[in-house]
Amino acid sequence: MPDECPPEMSDALSRAQQGWAASLGFRRDLVLGAGLVGVAVFVASLFGIWSRPAGLLAALWPTNALLLGMLIRYPRLAGPMSWLAAIIGYLAADLATGGHLLKTVVLTAGNLAGVITGYALFTRIDVQYRRLRDPVSILYLILIVSASAATSGLVGAVANPIFFHGSAVNGWILWFVTELVNYIAILPVVLALPRLRWPWPDRRRPRVPNIALIRTIPVLTLVLSCLLGVLIGGPGAIAFPVPSLLWCAVTFEMSTTAALTLLASTWTLLAISFGKLSVGPDLHSLHTMLSVRMGFALIALAPITVASVMAARNELLLRLQYMAEHDQLTGLLNRRAFTERASALLVRHSIPSPPSALLMLDVDYFKKINDSFGHAAGDRVLVNFARVVGDCLRETSLFGRIGGEEFAILLPDCEPDQALAIADRVRRAFGDSVIDIEDGRQAATTVSIGIAFMNHPLATIERPLLIADRALYRAKAAGRNRVEGMAIPLDEEVG
């Protein structure tokens with residue numbers, strides 16, 4: 001027998017081992033995800049059972065909304081193992097707190113019926129609407145959670161006469177309203193969560209939130225309004241947090257607004273459930289309970305809707321700002337944005353004043369490319385130029401397109417010899433690149449570069465641009481495909 005396997009067999013074994021390792025890793029992720037779902041359902045169910053008044057449904061049942069949100073927000077969790085883990089979590093929580101098996105099974109069926117309905121509907125709408133970042137998404141949210149609550153209500157219509165000695169109609173109404181409140185209060189929090197790396201977020205570089213003191217004022221007023229609601233009481237107390245929640249909606253992102261809305265709703269619902277907040281003479285009557293819970297659903301919708309509108313507005317403003325500051329073809333800063341940001345950098349670095357450099361770049365014989373290959377080919381050359389040059393620069397560099405085939409680069413904290421090395425690297429990299437034209441032809445060209453060396457404080461970028469343009473003219477006059485540098489004379493400096 002030979003001592004070594006043939007190369008073909010060795011490669012096959014290596015591929016098989018890699019496939020087994022990938023399969024094992026995938027299965028491990030599925031098990032971890034299912035375990036996370038099961039634990040979340042179990043803990044949330046225990047909280048709901050704890051908030052349940054005697055003989056009634058829970059004041060706040062977060063489990064269904066939490067499960068639905070996890071499955072929609074993180075689709076890789078929505079596998080058979082996760083559904084099985086959720087069922088075990090439901091049953092384990094109810095049985096561990098003394099629930100009867102038949103009642104537990106029926107209640108679990110009602111919970112799952114609503115979650116399955118919501119999952120089936122959410123997966124049929126576009127992803128952007130699931131994140132609640134568009135005002136139309138609120139309409140989808142209302143319709144879907146209403147359908148989910150109505151499906152759960154069908155089980156409630158069966159369970160209410162058997163376990164709670166009420167009518168089927170009242171059972172459906174009570175389950176529908178209760179589930180609707182739970183979904184509206186809790187589901188937006190989960191849907192608006194930021195995307196996490198699977199299976200766990202990367203904690204090697206934790207982000208420290210930068211929260212200005214002024215931004216805490218809406219939260220403080222929300223806390224105060226919730227406390228005043230408990231102290232003053234009365235039916236109107238449930239609306240005390242509304243102005244503060246609307247303030248939060250125009251101040252914070254959707255995820256923060258949804259979380260604050262959930263906290264305010266949870267506080268008030270638990271205060272009512274445990275008798276700390278009186279909203280009427282007969283709290284446990286069906287009419288009063290339905291009225292209070294529907295009120296909560298409508299109150300919770302207000303800040304969520306405002307936050308969604310604000311998110312769409314902010315995204316539109318960012319797009320408009322990007323379009324106003326960037327070149328449409330290359331994606332680089334346009335001349336106005338480049339000069340503004342470059343001047344700001346110069347002012348920031350003026351005390352102390354480290355050396356910096358400004359590069360002016362011009363694609364050689366660009367007009368000839370347009371005449372020979374067409375303007376589409378010229379556009380390809382510019383796009384390729386922006387990509388090649390960008391790969392040669394440091395992260396701190398500022399790169400912009402200031403004319404047709406003219407570009408500028410600001411190199412802060414850069415010695416003259418370093419600037420010359422970077423410029424020559426850019427020149428060689430672009431000269432070695434070849435651009436494919438649509439009809440199979442290829443275009444190649446070079447770049448001329450002028451450098452203005454800045455060794456003293458400057459108030460604006462205009463003077464360095466003129467000096468760099470003079471150096472660029474020298475490079476072109478000397479035969480192109482060259483780098484020329486000039487220091488800014490002391491008597492021409494500003495500031």
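The coordinates are above.
Residues numbered from 1 in each chain as written. Predicted model: local features only at pLDDT ≥ 70, side-chain atom pairs only at ≥ 80, totals over all residues. Heavy atoms only, no water.

Draft legend 1. The arrangement of the environment of D432 in detail. Following the sequence through the fold, D432 ends up in helix α15 (residues 416-432). As a C-alpha pair, D432 and T446 span 14 residues in sequence and 8.4 Å in three-dimensional space. (Helix = DSSP H or I, 4+ residues; strand = E, 2+ residues; numbered from the N terminus.)

Draft legend 2. Examining the state of the cysteines more closely. All chains considered together, the criterion is met by zero disulfides. C226 forms no disulfide, and the closest cysteine sulfur to it belongs to C248, at a distance of 9.8 Å. Judged by its relative accessible area of 10%, C226 is buried. (Disulfide = S-S within 2.5 Å. Buried < 20%, exposed > 50% of the residue type's maximum accessible area, 1.4 Å probe, protein only.)

Draft legend 3. Looking closely at the nonpolar core. Of all hydrophobic cores here, the largest spans 63 residues; its most connected members are L67, V115, F122 and L187. Elements with a minimum of two residues in this core: α1 (7-50), α2 (63-73), α3 (80-96), α4 (101-122), α6 (135-163), α7 (168-191), α10 (254-273) and α11 (286-325). Element by element, the count of residues in this core is highest for α7, at 13 residues. Those residues within four positions of L187 in sequence are excluded, and the remaining contacts are A65, L68, G69, F122, L141, V145 and N182. Of all hydrophobic cores here, the second largest spans 33 residues; its members include L359, V388, V389 and V447. (Core = buried A, V, L, I, M, F, W, Y, C linked by side-chain atoms within 4.5 Å. Contact = heavy atoms within 4.5 Å.)

Draft legend 4. Local environment of the pairing of strand β6 (residues 447-454). For β6, the buried fraction is high: eight of the eight residues fall into the buried class. Residues of β6 alternate between two faces, with V447, I449, I451 and F453 on one and S448, G450, A452 and M454 on the opposite face, all of them buried. Pairing of strand β1 (residues 356-363) with β6 involves eight bridges; the strand directions are antiparallel. By the bridge assignment for β6, M360 is matched with G450. Where β6 lies against strand β7 (residues 483-487), five bridges are found, and the strand directions are parallel. Bridge pairing in β7 places G450 opposite E484. (Pairing = 2+ DSSP bridges.)

Draft legend 5. Local environment of the pattern of salt bridges. Taken as a whole and assessed by the stated rule, the structure comprises ten salt bridges. A salt bridge links K476 to D362, with the shortest nitrogen-to-oxygen separation between them at 2.8 Å. With K476 in helix α16 (residues 462-477) and D362 in strand β1, this residue pair connects regions lying 114 residues apart in the sequence. Among the charged side chains, a network of salt bridges with common partners joins D362, D364 and K476. (Salt bridge = Lys/Arg side-chain N within 4 Å of Asp/Glu carboxyl O.)

Draft legend 6. How the structure looks around the packing of aromatic side chains. Scanning the entire structure with this criterion turns up seven aromatic pairs. Where W83 meets Y119, the ring centres are 5.8 Å apart and the plane angle is 85°; that geometry is what we call edge-to-face. Taken together, the residues W83 in helix α3 and Y119 in helix α4 connect sequence positions 36 residues apart. Note on Y119: relative accessible area 23%, which makes it partly exposed. Between F385 and F430, the aromatic rings sit 4.9 Å apart at their centres with planes inclined by 90°, giving edge-to-face as the arrangement. Placement of F385 in helix α14 (residues 375-392) and of F430 in helix α15 is noted, with a sequence separation of 45 residues between them. The buried category is assigned to F430, whose relative accessible area is 0%. In this structure an aromatic cluster arises from ring pairing among F385, F399, F407 and F430. Residue placement shows R73 over the ring face of Y74; its charged tip is 5.4 Å from the ring centre. Lying across the ring of Y365, R480 places its NZ or CZ 4.6 Å from the centre. (Phe/Tyr/Trp six-rings, centres within 6.5 Å; stacked < 30°, edge-to-face > 60°. Lys NZ or Arg CZ within 6 Å of the ring centre and 35° of its normal.)

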